[in-house]
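Examining the three-dimensional arrangement
Listed below, chain by chain, are the residues.
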Amino acid sequence: MSINVVQINSGDLIGRRFNGYDLKPHLEGHGVHSSQLVYWNKQSDADFVSKAFDYPGNRIVTRGLTRVESRFSLHARLHPHSWALPYHTKVREADIAHLHIIHDGYFSLSALPFFSYRKPTIWTWHDPWPMTGHCIYPLQCQRWMQGCGSCPDLSLPFPMRKDRTAEQFAWKRKVYEKTKAEIVVASDWMRNMAARSPLAENFNVTVIPFGLDLERYKPADKAAARARLGVFPGRPVVFLRASSTPFKGLKEFVTAVERLDPDIRLCIISLQETGHFDRFIGKHQIIEFGWSNDENLLVDAYAACDFFAMPSLAEAFGMMAIEAMACARPVISFEGTSLPGISFAPDAGLSVPYGDSDALARVMERLVLNPVDCEERGKLSRVLAERHYDIRDQARLTADLYKRILSQDKRSGSVV
Amino acid sequence: MKILLLTDIPPCENLTAGLVLSAMVRFVPRDGICCFAVVNPILDIRTTPEFANIPTRICAKPNENWSWLPQRRIIRKLSSVIAFAGESFTEKTSVRSLVDKAVAFGREQKVDRVWVVLQGQTTIRMAQAVADKLGVPLHTHVWDPFSWWAKANCIDGITARRVQSTFDEAIRSSRCVATASEPMAELYRDRFKVEAVPVISSHSQSMAQTPDITDHGRGPIIIGMAGQFYAAGEWLQLMRAMRASKWTIAGRPVRIVVMGPQRPPGALDSHVSFLGWKTQPDAAFILSQCNILYCPYPFDPAMKEVSQFSFPSKLVLYLAAGRPIVFHGPAYSSPAHYIKSRQCGLIADRMIASAIYNELERLVQNADAYRTMAFNAQSAFRDDFTLESMERSFNAFIGAKGLSNDGGVLIHDHTKQSGADPFIPLQLSDASRRRSFVWIAHEVAKTALPRYAHFRRQLKGVVRKLLLKIPRLGSLYHEIHGLYAEKKALERRIAELEEKNARLNDLLTKSSSIGAAKWVDAATEEEVALVDSLGISPKFISGLYPGIKTLVFIKLPDGGAIAAGDRQQDNRLSGVGRTRFRYTSVTYVQLPLSEDRADKTGDEWDGIERSLPRGAVAELLRFVLQERFERLVVADNVGSGIAIAAEVAHLASQRLTVISKAKLRLSDKSWLASQDHIDYVDAASAGAANEVSETDADGELPVSVS
């Protein structure tokens, strides 16, 4: 049985590892033909990727509406073209619509019930935003369990000028009550959060961990990678993604480096943002690559490092953590996020109390001063990655889900 | 051979393009070239008697620059329309007239080839037309890609495309193309199937430096930089990296020495010395005393084409200096390709501070790689950038015969014969200048703009007075201006605090460099007594220049050396008898032992300068640059040592004080009078400051903390 699925997302190559782009060839093997419909960024010239609402002026209007929303402390409400989405050719041709990131300023959630009744719908929650009144990650706040309101931090993305979190929460609840969709999350942490969320009550939640091409992400020659990246000889190397968003724990990491044993001289390799480690120039070697989609660079960085630091204060899954594991590198993280579970701390990865920079420094010292232990953890990480994070398994589970949804939909006789 | 050189800047002495053309024209035999120059009427071009024998016609070129039109948003479209109209008119009128004049001149001179510098719409449009009408081969010369010129001069899109097409056609139909770099030559060979030769501004072999590239891994690192700051952002990242590392690389302190026509951007740090403009030979010599040469290049994507195909003249100078280069620019640029292929340096291919720091440390940490790269830099200069190689390239470009018999450079004389009329510098005639639109517009703008500014100020005043009569507006106005005044006061306060901070940092630097300098020993009793006897005691010098880091050149009376004892290796300059020591802020250094040549080489500075021992000058210069002395001093009893001290001071852009016991007879050394960086102090009239240093209560000489 052949199934046509349209993956709807903000972009194709950005986030390709979890938005269905990389999954496509593996789904084919299960009889699932996947196409992509993107809104903001079409960076590839793959023929299975199309741009939604690609008529002149649309994006200008969308940006304008997003500004209006921001002015009135709303989010994902005022995009009328969303009602036309079910009539898009790619959606009409598909058997199932699989939504991914639909909350970054182009889709009105109010159209979701209308959409889900016209097409069997699966929605992957890549972060907890669907369960909150405004924020992507609530961090230590628990008010998402009570309907939000009196928000302790309106500046968290997506920021609000005025506290309308309770109103947004109530609106989402109304929308979800009328929506017919299957929810997919990638980790038990997210499932647990969904289980406690009033907004997820009406949904069936399935856990499908993301996977990797384990032939692409695999242990490689450390010395050769270090030579390519220009690592100074004899330095222990830590790799991390440097993002200054409030969720990625960069500040805590920098504090941890400041508190390291003064005799330790590291090499810090970072991707995404630059300039965050300038204070360490002269003491530690800093190799910063800025924003890059280059997979070869990524693989080299994993190979060159001794361990991978992912000090996120909030993380729904942790794609880079499983990449590091697949490259036989242990992951260090904070407790209270999905990462200790994903990285199998304390056996393979290592986790420390939430936000504790001192503890993070100590665990880094431990790995630096015990290279044998570090290597053993890395090997175990690889074994666990092979067992749990193979993209073929993700494809199988996803295909099974599609089949189940389709058969449920046929039984209920829904109009497509 | 008779060449018609068609250019927008003729050989001259005050413009870079003119200097490079001058070098090339010297390779052409006498009476083998004539010049038709279409010049910008507002440019000041200084021709020299050196080329007075070359028949030259100068005409005004039409306006090529439209950036004076408003370039903002919708108005830009209107400006484009005006530019298009202007260019169309120019092409059909002025350019045709210039072509006719050039052809007539060429026929009169009986030229057999045309050499055209393709810089600007005018010469591009003229190139092929002139060559075709004369029926002679065309040789084109490209400094920069036309797309860069079009953007910089805000030429409209249609004209830019048309002129680009004309440019391409000119290249395609050229007998040979002279390019700014090898990548550009490759591009033209591939794209246009034409012979292309890179002709890069080069220098005489005598400018090649062969510094001692053995680095003992101690002492400060000097980073040298010369030339213009067209890559200001990159420089600021270097500053950021140095500040972050507290001005050290691999634990060694760093100094930066900059020379050129413009000061470095941003506030000048106390670790950076700006030496001002230097001649090319001086610049090469100074750079040869630096450890690393820093070459920034723009990462701006808008400059990508220029980066790929141009070649910075500072790189040639760096290679002449014979030290490894750290290139801070994009990997796709032509200098990066060259440095990689010749392995004469390292490339920091990301703009950020950490990237440039990493390459600097990599070079400092690897002594073998350092030596190899320095050696490769010296070879690269000899192979690719001497006048010999430039002559070969030029001859290949223009289709001339080869080198002179002895393999050296053949430089031809283009001066007027003796007995001919005195040289009158060629300029655009006043009548031609006044008829040109560019000059008229320039003069009108010069007059009108200040008047317009004055009118605006007056109008604003009147409008303000009227509006302030409205009560609500009046109170708002006062409120806003109160805030402005507050802001200004805060900015003043910030500036004061920043200045204080800079002064404190400076003091900190001085005290730490004096205190922490392990490579200059503190003075012994014997040494202090000796300098006292020479009339240049530390107390005397400190009295003359309180709180200023001073270097005193000395020469021992009998030519012998102070017993070296167990002085550190670094405390000795090379050779027997050279030593250095310090007493608080005054450091003494022994001048080289050599016969007094100053009198024998006559009394002209050029002759004396040539006779100076270059090795000693180099070592002393390096010491001055490392330690960042603020004042140099020498006593007049050191004979030719004064000349060495004067040369070092001149190269380091420092003032030199000559202290004399007896009134110095300047007439005996007129070369001294020609040096404007020398001050004179009469030791006798300076008072009793020149006495033996006092001991403290315990009978010990006060010794500075090391």
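Residues numbered from 1 in each chain as written. Chains lettered and ligands numbered in written order. Predicted model: local features only at pLDDT ≥ 70, side-chain atom pairs only at ≥ 80, totals over all residues. Heavy atoms only, no water.

**Focus: the overall build of chain B**
Check the secondary structure of chain B and you find 24 helices and 21 strands. Summed over its atoms, the accessible surface of chain B is roughly 33,200 Å², and 55% of this surface lies on carbon and sulfur atoms. (Helix = DSSP H or I, 4+ residues; strand = E, 2+ residues; numbered from the N terminus. Areas by Shrake-Rupley, 256 points an atom, 1.4 Å probe, with all protein chains shown as cover.)

**Some words on the environment of Glu365 of chain A**
Residues and elements named next belong to chain A. On the secondary structure map, Glu365 appears in helix α12 (residues 357–369). A sequence separation of 138 residues divides Glu365 from Ala227, and the C-alpha atoms of the two residues are 24 Å apart. Leave out the neighbours within four places in its chain, and Glu365 touches Arg259, Leu260, Asp261 and Ile264. (Contact = heavy atoms within 4.5 Å.)

**Looking at the sheet that holds strand β11 (residues 307–310) of chain A**
All names here are of chain A. Pairing is parallel across the open sheet formed by six strands, whose spatial order is β10-β9-β8-β11-β12-β13. Each having just a single partner strand, β10 (285–288) and β13 (350–352) make up the two edges of the open sheet. Put simply, the sheet's adjacent strands are angled 20 degrees from each other on average, direction ignored. Where helix α8 (residues 250–258) meets the sheet, it contacts β8 (237–242), β9 (267–272), β11 and β12 (331–334), and its direction lies at approximately 155 degrees from that of β8. (Pairing = 2+ DSSP bridges. Axes fitted to C-alpha atoms, helices over the stretch in contact; angles between N-to-C directions.)

**Some details on the side chain of Gln119 of chain B**
Residues and elements named next belong to chain B. Assignment of secondary structure puts Gln119 in the loop between β4 (113–117) and α4 (121–134). Given a relative accessible area of 11%, Gln119 falls into the buried group. For Gln119, the side chain forms a polar contact with the side chain of Asp144, separated by 3.4 Å. (Buried < 20%, exposed > 50% of the residue type's maximum accessible area, 1.4 Å probe, protein only. Polar contact = N/O pair within 3.5 Å; in protein donor to acceptor, adjacent residues only side chain to side chain.)

**What to know about a nonpolar patch on the surface**
All names here are of chain B. Together, Leu449, Tyr452, Phe455, Leu459, Val463, Leu467, Ile470, Leu473, Leu476, Ile480 and Tyr484 line one region of the surface with nonpolar side chains, adding up to about 1,000 Å² of accessible area. When residues of the nonpolar patch are traced back to their parent elements, those giving at least two are α17 (437–468) and α18 (471–516). Per-element accounting of the nonpolar patch gives the leading share, six residues, to α17. Checked against the element boundaries, Leu467 lands in helix α17. Residue classification places Leu467 among the partly exposed residues on the basis of a relative accessible area of 41%. (Patch = residues over 30% accessible without salt bridge, like charges linked within 9 Å, V, L, I, M, F, W, Y side chains within 5 Å. Salt bridge = Lys/Arg side-chain N within 4 Å of Asp/Glu carboxyl O.)

**Let's talk about the interface of chain B and chain A**
Opposite the twelve residues of chain B that make contact, chain A presents 14 residues. When the two sides are added together, the surface that chain B and chain A hide from each other amounts to roughly 1,100 Å², 49% of it contributed by carbon and sulfur. Counting every contact that joins chain B to chain A gives two salt bridges. With a shortest N-O distance of 2.5 Å, Asp278 of chain A and Arg240 of chain B are connected by a salt bridge. (Buried area = accessible area lost by both parts, 1.4 Å probe.)

**Digging into helix α9 (residues 280–288) of chain B**
Burial runs high along α9 of chain B: seven of the nine residues are buried. Of the positions making up α9 of chain B, those classed as buried are Asp282, Ala283, Ala284, Phe285, Ile286, Leu287 and Ser288 of chain B.

**A closer look at helix α2 (residues 58–71) of chain A**
Residues and elements named next belong to chain A. For α2, with 14 residues, the first-to-last C-alpha span of 20 Å sits near the 20 Å given by 1.5 Å per residue. Restricting attention to buried positions, one finds in α2 the residues Asn58, Arg59, Thr62 and Glu69. End-on, the buried residues of α2 take up no more than an arc of 90 degrees, which puts them together on one face. Turned more than 90 degrees away from the buried face of α2 sit Ile60, Val61 and Arg67, all of them exposed. (Expected span 1.5 Å × (residues − 1). Arc of directions from axis to C-beta.)

**With respect to the pairing of β10 of chain A**
Residues and elements named next belong to chain A. With burial as the criterion, each face of β10 is covered, one bearing Gln285 and Ile287 and the other bearing Ile286 and Glu288. Bridge count for β9 against β10 is four bridges, and the pairing is parallel. Considered in β10, the bridge of Ile268 is made with Ile286.

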